[in-house]
2 protein chains.
Amino acid sequence: MRTALCDTLGIQYPIVGFTPSEHVAAAISRAGGLGVLGCVRFNDAVELDSVLDWMDANTGGRPYGVDVVMPATVPKEGTSMDLTKLIPDEHRAFVDRTLRELGVPELPDDAGEQAGVLGWLHSVARSHVEVALRHRIALIANALGSPPVDVIEQAHQHGVPVAALAGKAEHAVRHVDNGVDLVVAQGYEAGGHTGEIASMVLLPEIVDAVGARVPVLAAGGIGSGRQVAAAFALGAVGAWMGSYWLTTTEYLETMSESAAVQQALLAASSSDTVRTRIYTGKPARLLKTKWTQAWSTPDAPEPLPMPLQNLLVAPAHQRIHAAKDPAVVSMPVGQIVGRMNEVRPVADVMVDLLRDYEETLTRLDKTR
Amino acid sequence: MRTALCDTLGIQYPIVGFTPSEHVAAAISRAGGLGVLGCVRFNDAVELDSVLDWMDANTGGRPYGVDVVMPATVPKEGTSMDLTKLIPDEHRAFVDRTLRELGVPELPDDAGEQAGVLGWLHSVARSHVEVALRHRIALIANALGSPPVDVIEQAHQHGVPVAALAGKAEHAVRHVDNGVDLVVAQGYEAGGHTGEIASMVLLPEIVDAVGARVPVLAAGGIGSGRQVAAAFALGAVGAWMGSYWLTTTEYLETMSESAAVQQALLAASSSDTVRTRIYTGKPARLLKTKWTQAWSTPDAPEPLPMPLQNLLVAPAHQRIHAAKDPAVVSMPVGQIVGRMNEVRPVADVMVDLLRDYEETLTRLDKTR
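Residues numbered from 1 in each chain as written. Chains lettered and ligands numbered in written order. Predicted model: local features only at pLDDT ≥ 70, side-chain atom pairs only at ≥ 80, totals over all residues. Heavy atoms only, no water.

## Considering the sheet that holds strand β10 (residues 273-276) of chain B
Residues and elements named next belong to chain B.
- Strand order in the open sheet formed by three strands is β7-β11-β10, with antiparallel pairing between adjacent strands. Of all the strands in the sheet, just β7 (192-193) and β10 have a single pairing partner and so form its edges.
- Bridge count for β10 against strand β11 (residues 284-287) is four bridges, and the pairing is antiparallel. Paired with Thr276 across the strands is Ala284, a residue of β11. (Pairing = 2+ DSSP bridges. Helix = DSSP H or I, 4+ residues; strand = E, 2+ residues; numbered from the N terminus.)

## With respect to the packing of helix α10 (residues 225-233) of chain A against helix α9 (residues 199-210) of chain B
- Interaxial distance between α10(A) and α9(B) falls to 10 Å at its minimum, and their mutual angle equals 135°. Our classification of the angle between α10(A) and α9(B) gives oblique. Along this stretch, α10(A) crosses α9(B), giving a crossing that reads as right-handed. Of α9(B), the residues touching α10(A) (which contributes A:Arg226, A:Gln227, A:Ala230 and A:Ala231) are B:Met200, B:Val201, B:Pro204, B:Val207 and B:Asp208.
- Its residues placed into classes, the contact of α10(A) with α9(B) shows six nonpolar, one polar and two charged. (Axes fitted to C-alpha atoms, helices over the stretch in contact; angles between N-to-C directions. Parallel < 35°, antiparallel > 145°, perpendicular 65-115°, else oblique. Left-handed = near helix turned anticlockwise from the far one by under 90°. Contact = heavy atoms within 4.5 Å. Nonpolar A, V, L, I, M, F, W, Y, C, P; charged D, E, K, R; others polar.)

## Description of unusual backbone geometry
Residues and elements named next belong to chain A.
- Here the bond from Met306 into Pro307 is cis, since omega is 0°, no more than 30 degrees from zero.
- The topology assignment puts Pro307 in the loop between α13 (290-294) and α14 (308-323).
- Positive phi is not limited to glycine here, since Lys324 has a value of about 50°.
- One can find Lys324 in the loop between α14 and α15 (346-365).

## Observations concerning the relation of the copies chain A and chain B
- After a rotation of 180° and a shift along the axis of 0.0 Å, chain A superposes on chain B with an RMSD of 0.0 Å. On this basis, the relationship between the two copies can be described by a two-fold rotation axis. Scanning chain A for the C-alpha nearest the rotation axis identifies A:Ala230, at a separation of 2.0 Å. (Least-squares fit on C-alpha atoms with pLDDT ≥ 70 in both.)

## Remarks on the interface of chain A and chain B
- Tallying the contact residues gives 44 residues for chain A and 44 residues for chain B.
- Among the residues chain A hides against chain B, the three largest losses belong to A:Met200, A:Thr367 and A:Arg368. Together they make up 19% of the total.
- Counting across the interface, chain A meets chain B through eight salt bridges.
- A:Arg339 serves as the salt-bridge partner of B:Asp208, at 2.4 Å between the closest nitrogen and oxygen.
- In this structure, the connection of chain A to chain B is made through 26 residue pairs in polar contact (both at pLDDT 80 or more).
- Among the secondary structure elements, those contributing two or more residues to the side of chain A that touches chain B are α9 (199-210), α10 and α15 of chain A.
- Among the residues forming the side of chain A that touches chain B, the class breakdown is 18 nonpolar, 13 polar and 13 charged. (Buried area = accessible area lost by both parts, 1.4 Å probe. Salt bridge = Lys/Arg side-chain N within 4 Å of Asp/Glu carboxyl O. Polar contact = N/O pair within 3.5 Å; in protein donor to acceptor, adjacent residues only side chain to side chain.)

## Some points on the pattern of salt bridges
Residue and element names in this part refer to chain A.
- Summed over all chains, the structure comprises 30 salt bridges over all chains.
- A salt bridge links Arg97 to Asp299; the nearest nitrogen and oxygen atoms lie 3.4 Å apart. A residue pair is termed long-range when its members are at least 10 positions apart, and Arg97 in helix α5 (residues 89-101) and Asp299 in the loop between α13 and α14 qualify at 202 residues.
- A relative accessible area of 30% means that Arg97 is categorised as partly exposed.
- In this structure, the salt-bridge partner of Asp352 is Arg355, at a minimum N-O distance of 3.1 Å. (Buried < 20%, exposed > 50% of the residue type's maximum accessible area, 1.4 Å probe, protein only.)

By themselves these figures say nothing about function.
Okay, structure coming up:
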């Protein structure tokens, strides 16, 4: 499995793996793909710095990337405290009532409530970029489309290419016009922020719109070599996989408290996801659980706009996470969750992808 | 382009084309695929009989099929009159008001209001099967999943295989257990009745569930050889295409009044569809127009269950059709509508599919 993307990024196989876990990211890079570490969980840039030190030492000298969350237009932004005041009481009351009804306990007094996930804030995402550019990163990806042009230029001054997600062809064109170097075509079936157009239709549209100018990667629904081959048939030169790594052995090394989440993912079918605004304020695909269902009842309030919704639910997420109940989980994941049925090392996943890809091409050859 | 499906159905290329137009269906069969004529528009079995006589004479001796709409369980069903009484006044008032607001004129007095589209009724669908089995059909497909077991047996007695649509793997298993011979895996991106799982994920699931027992065809988002290759990479042995034929030259030969519909389809992007229950009572993907938007306003009533919703909107469809306004159209179509940008003969579409398929396989070969 080899495309032009391998030369662009200096990798062996055109598999890019997004993950919030440095252990997973490093393992993907060591296995010949490009591990891309999600930065949104790092409220403190110093913590990110030390994790990237670890990445530098543990990827076997192979390239890796980072993923930030940064809108193209800089929002008016106060401190976390200012923003918190904008959250209506009705929303707070709904969250409190829902957690009580779902049997999610309060945190112990000594736990110390976190200040939300500040990585969604523009200033914090900028600090992630500053820190990342001090490390030997091979890619900065932005989960929200094109980052601001000055951030792209800053990356380019360090020789680092920038990737942006797109759910529509016109968005992809805008990203490339802004200077973005790689486009990730994110289909409806994908986990996290996603649009309404499925990969089967979206990929050729984006490839025809920008494929002559930049490499296009396929995101959404990929967990096997068959799916990589389908994505390449549709014109992608790389596969961007996120969800599928959540059930790897390495994931629990970073996310040691996530055993209940992994258990919920292993049990879910491809019908057990929902696209909703309750995670960040923008439509994102999540695992369907009692938590997401509570938000779709008639008495649930409308989710708030980004970044307020995440500030609202972040303390709830902390309580949900601590409760370790597989039935009450708040987790972005794509429809491929139906095929995430065992916990395996990253290297085994990669071997299977390559073998299945070869078998698929051999099978296709016989149709000529 | 050749798979085992070619031998199963006695066709040259594994392309199955669903269409309400006998001119399109015949042209697909003549071009080496299998044209499948949708029967739901025939209220009168005698009319279907004469159209199938025409098909027998105009497919150049090549095989063709028919598509009926038949639930697996026989519903309690009165006459059209009895059912009509079950439609609430609120719904009728909403339809009347909406048509007035959208500037859709009443029909002229001499037009004679049709009795709805009776093909959705079980008894009428059964009469379609009876009639079709008197012709040299090569396939009976059911747009609503497995038909009743006695209908499958009746088809088998005539040596005719039965195909059923499935939007979930468990539905596909049920269909095959009932005796269905081919499964059409209908992805989220497809037009008409469709589930929530996109083809990228759905196809391998259905292939792994039933692919060893029956051929699996891919439906949803297919309009190019790249997309056929992607579907085959995912494990399908045939492509089921519906939407894409709506902008062929032959379509207007049958549907002479549909120029406004074709105009609306040509102008639409892949974002201009919506999955809604307003057409039949079950979720179906339609072209997004002022008509579908009216049904998503806060004062719109909930759509009625099948078959009531279609009885409710059928007279409205007749008025909408007569008004010939591309902005007010009621038409099932998939997300591939974004690539339906010119009117071409069926034979040209087929030539392009084959050429693009070959080019895609050649391109994939270079990734090994």
